[in-house]
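Letter by letter, the chains look like this.
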Amino acid sequence: FVQEHGDEVTFALTADMVGQDHGMYGHDLFSTAESLPLVEGKRMIMGSSALRRNQAEVLAAVVKDSSRVIVAGDFNAAPLYRSAAPLRDLLDDAWSAGGWGFGFTYHASFAFARIDAILQEGFNCKYAEVVKVSGSDHRGIYAVLELDD
């Protein structure tokens, strides 16, 4: 599940890992008004992509040598946006492998963009679907991942 409390985002992941260690990371790449860069004294939403790309590069450096890893959360970027490329070029998208349709997750009341994702390495995605989540302005992604042999 996902819950947002002001600037704090929490999520829970349930996984049966058969007693093995695997990396799991949850995140919300910056997009809130307070995190947007200042341009001529005003917050500019279009300028936030450089900040998100930097965050994605740092996270990609952490997980790049992992044989099994899951990075899930709000990327605040559609799959083709450059800001998410460091992670999307490195990891497989559960929605692309196991979902059907557009996979839009934002906005919860009328979804028109796919900015949330489950990215992974070392798993096979058997199934993925977009689900309604209470208390959030996003929809969630539910995926069934099995360990690679």
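Note that the structure is a prediction, hence the values are computed from the model and not measured.

K.L.:
What exactly am I supposed to notice about the pattern of salt bridges here?
P.N.:
Scanning all chains against the criterion turns up 4 salt bridges. Between D93 and R114 there is a salt bridge, with the nearest N and O atoms lying 2.8 Å from each other. Taken together, the residues span a long stretch of sequence, with D93 in strand β7 (residues 92-93) and R114 in the loop between α3 (94-98) and β8 (116-121) at a distance of 21 residues. Just as D93 is buried, R114 falls in that class too. Through salt bridges with shared partners, a single ionic network connects R88, D93 and R114.

K.L.:
Can you walk me through the side chain of R114 in this structure?
P.N.:
Assessed through its relative accessible area of 12%, R114 is described here as buried. Reaching out from R114, the side chain makes a polar contact with the side chain of D93 at a distance of 2.8 Å. Sequence-distant contacts of R114, that is, excluding residues within four places in its chain, are made with A77, A78, P79, D93, W95, S96, F102, G103, F104 and T105.

K.L.:
Teacher, can you tell me more about the packing of aromatic side chains here?
P.N.:
The description of an aromatic ring pair uses the distance of the two centres, along with the angle that the planes make with each other. The full count for this structure, using the stated rule, is 3 aromatic pairs. Considering the side-chain rings of F102 and F104, the 5.0 Å spacing of their centres and the 10° angle between planes classify their relative orientation as stacked. Looking at F102, the relative accessible area reads 65%, which means it is exposed. For F104, a relative accessible area of 28% translates into the label partly exposed. Ring geometry for Y106 against F112: centres 5.9 Å apart, planes inclined by 70°, an arrangement best described as edge-to-face. Lying across the ring of F75, R88 places its NZ or CZ 5.4 Å from the centre.

K.L.:
Explain the environment of K126 to me, please; I cannot follow it from the model alone.
P.N.:
Within the fold, K126 resides in strand β9 (residues 123-131). When the C-alpha positions of K126 and A97 are compared, they lie 7.6 Å apart, and in sequence the two are 29 residues distant. Among all residues touching K126, those that are not within four sequence positions of it are V144 and E146.

K.L.:
In this structure, what is going on with the confidence of the model for the protein? I would like to understand it.
P.N.:
It should be kept in mind that the predicted coordinates are not to be read in detail where pLDDT is low. Summing up the model confidence of the protein, the mean pLDDT is 78 and the portion of residues at 70 or higher is 68%. Here residues 1-12 is a poorly scored stretch, pLDDT under 50, and it has 24 contacts once near neighbours within four places are set aside; other chains count.

K.L.:
Help me understand the nonpolar core in this model?
P.N.:
Soluble, globular proteins show a tendency: their nonpolar side chains are buried together. Ranked by size, the top nonpolar core spans 13 residues in total, and within it V63, V71, F75, L87, L91 and L119 carry the most contacts. Broken down by secondary-structure element, the contributors of at least two residues to this core are α1 (48-63), β6 (69-74) and β8. Considering every element that reaches this core, the biggest residue donor is α1, with 4 residues. Core analysis: the second largest hydrophobic core is formed by 9 residues, I70, F123, C125 and I141 among them.

K.L.:
Would you explain the environment of R88 in this entry?
P.N.:
With respect to the secondary-structure elements, R88 resides in helix α2 (residues 85-88). Taking the C-alpha atoms as reference points, R88 and Q120, separated by 32 residues in sequence, lie 9.3 Å from one another. Among all residues touching R88, those that are not within four sequence positions of it are A77, A78, P79, D93, A117 and L119.

Analysis parameters
Along every chain, residues carry numbers that run from 1 in the direction the sequence is written. Two thresholds apply to this predicted model, a pLDDT of at least 70 for residue-level local features and 80 or more for giving and counting side-chain atom pairs, whereas whole-chain, interface and lining totals are computed over all residues. Side-chain calculation: all heavy atoms of the structure are included, whereas hydrogens and water are not. By salt bridge we mean one thing: a side-chain nitrogen of Lys or Arg within 4 Å of a carboxyl oxygen of Asp or Glu. Elements are defined by DSSP. Helices are runs of H or I of four residues or more, strands are runs of E of two residues or more, and each kind is numbered from the N terminus. Only protein chains enter the accessibility calculation, which uses a 1.4 Å probe; a residue is then buried when its area is under 20% of its type maximum, exposed when over 50%, and partly exposed in between. Polar contact is defined as a pair of N or O atoms within 3.5 Å, subject to the rule that within protein one atom must be able to donate a hydrogen and the other to accept it, and that residues adjacent in sequence are counted only when both atoms are side-chain atoms. We call two residues in contact whenever any of their non-hydrogen atoms come within 4.5 Å of each other. Only the six-membered ring of Trp is used, alongside the rings of Phe and Tyr, when aromatic pairs are assigned; centres must lie within 6.5 Å, and planes under 30 degrees apart are stacked while those over 60 apart are edge-to-face, with the rest tilted. We call a charge positioned over a ring when the NZ of a Lys or the CZ of an Arg lies within 6 Å of the ring centre and within 35 degrees of the ring normal. For every residue, the pLDDT score states the predictor's confidence, bounded by 0 at the bottom and 100 at the top. Grouping buried Ala, Val, Leu, Ile, Met, Phe, Trp, Tyr and Cys residues that are joined through side-chain atoms within 4.5 Å yields what is termed a nonpolar core.

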